[in-house]
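Below, each chain spelled out in residue letters.
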Amino acid sequence: MTSEQHRPAQVADLDSLADAISAALVDHPGVVRLEPTVRSLIDRWTPEAFDQIHRSLRPAGSPPVVARDGLILTLADGVLDLKIDVATDISRSALDLAREAQEVAARLIRAEGIAVGRVDVSILAIEGTAVI
């Protein structure tokens, strides 16, 4: 397989990839934490409750979606879109940190042989004490 070929990803692969991206981002300088999303909160419900909600909200044939605190991965037609929600440290430029988060995530996605689509980063909080 060449770097130009992409292997089809399975939902289980997305779970592992989400874990890897989450760990890499949490360890990245300036990232205070990944912010929970509504979807990640729903994922914590019982499997039966989530399955019922999942069936009613997502039509059959929808692309695979995996959610973690601060991450939502969506795979469609072999291309992975990613949404990242983070809290950052005030000592780092939010714009630089967002770009770095995109690069970290894109590198991990490519390493799995999956094409990178959109990588949207939202800075939901900037924390720390400003020095005036």
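For the structure, check the block above.
Residues numbered from 1 in each chain as written. Predicted model: local features only at pLDDT ≥ 70, side-chain atom pairs only at ≥ 80, totals over all residues. Heavy atoms only, no water.

Comments concerning the overall build of the protein chain
Working step 1: Check the secondary structure of the protein chain and you find 4 helices and 5 strands.
Working step 2: Each helix and strand of the protein chain, placed in order from N terminus to C terminus, yields the pattern α-β-α-α-β-β-β-α-β.
Working step 3: With 132 residues in all, the protein chain has 32% of them scored as buried.
Working step 4: The contacts in the protein chain between residues at least 6 apart in sequence include a share of 72% that link residues at least 24 apart.
Working step 5: Taken as a whole, the protein chain presents about 7,800 Å² of accessible surface, with 55% of it coming from carbon and sulfur. (Helix = DSSP H or I, 4+ residues; strand = E, 2+ residues; numbered from the N terminus. Buried < 20%, exposed > 50% of the residue type's maximum accessible area, 1.4 Å probe, protein only. Contact = heavy atoms within 4.5 Å. Areas by Shrake-Rupley, 256 points an atom, 1.4 Å probe, with all protein chains shown as cover.)

A word on unusual backbone geometry
Working step 1: We note that aspartate 77 has phi near 55°; this positive angle belongs to a residue other than glycine.
Working step 2: Following the sequence through the fold, aspartate 77 ends up in the loop between strand E3 (71-76) and strand E4 (79-89).
Working step 3: When its relative accessible area of 81% is taken as the criterion, aspartate 77 is described as exposed.

What about the nonpolar core?
Nonpolar side chains in soluble globular proteins generally cluster together in the buried interior.
Working step 1: Grouped together as the largest cluster of nonpolar side chains are 24 residues, with contacts concentrated most on Ile21, Leu25, Leu71, Leu73, Leu80, Leu82 and Ile84.
Working step 2: Within the residue set of this core, elements represented by two or more residues are helix H1 (11-27), strand E1 (31-34), E3, E4, helix H4 (94-111) and strand E5 (115-127).
Working step 3: A per-element tally of this core places H4 first, with 6 residues.
Working step 4: Beyond its immediate stretch of four places on either side in the chain, leucine 82 contacts Ile21, Leu71, Ile72, Leu73, Ala105, Ile109, Arg118, Val119 and Asp120. (Core = buried A, V, L, I, M, F, W, Y, C linked by side-chain atoms within 4.5 Å.)

Description of the pattern of salt bridges
Working step 1: For the coordinates displayed, the defined rule picks out 6 salt bridges.
Working step 2: Its salt-bridge partner being aspartate 15, residue arginine 68 comes within 3.4 Å of it at the nearest N-O pair. Within this pair, whereas arginine 68 is found in strand E2 (residues 65-68), its partner aspartate 15 is found in helix H1, the two being separated by 53 residues in sequence.
Working step 3: Across the pair arginine 92 and glutamate 100 runs a salt bridge whose closest N-O atoms are separated by 2.7 Å.
Working step 4: Given the relative accessible area of 24%, arginine 92 is considered partly exposed.
Working step 5: Counted as one network, the salt bridges with shared partners bring together Asp15, Asp19 and Arg68. (Salt bridge = Lys/Arg side-chain N within 4 Å of Asp/Glu carboxyl O.)

Observations regarding the pairing of E5
Working step 1: Alignment of E4 against E5, held across 10 bridges, turns out to be parallel. Considered in E5, the bridge of aspartate 89 is made with glutamate 127.
Working step 2: Since E4 and E5 lie parallel, the crossover through H4 that links them has a hand, and here it is right-handed. (Pairing = 2+ DSSP bridges. Right-handed = clockwise from strand over helix to strand, strands pointing away.)

A closer look at the side chain of glutamate 35
Working step 1: Secondary-structure assignment places glutamate 35 in the loop between E1 and helix H2 (38-43).
Working step 2: On the basis of relative accessible area, glutamate 35 is assigned to the buried category, the value being 13%.
Working step 3: In contact with glutamate 35, not counting residues within four places along its chain, are Asp69, Gly70, Asp85, Val86, Ala87, Leu124 and Ala125.

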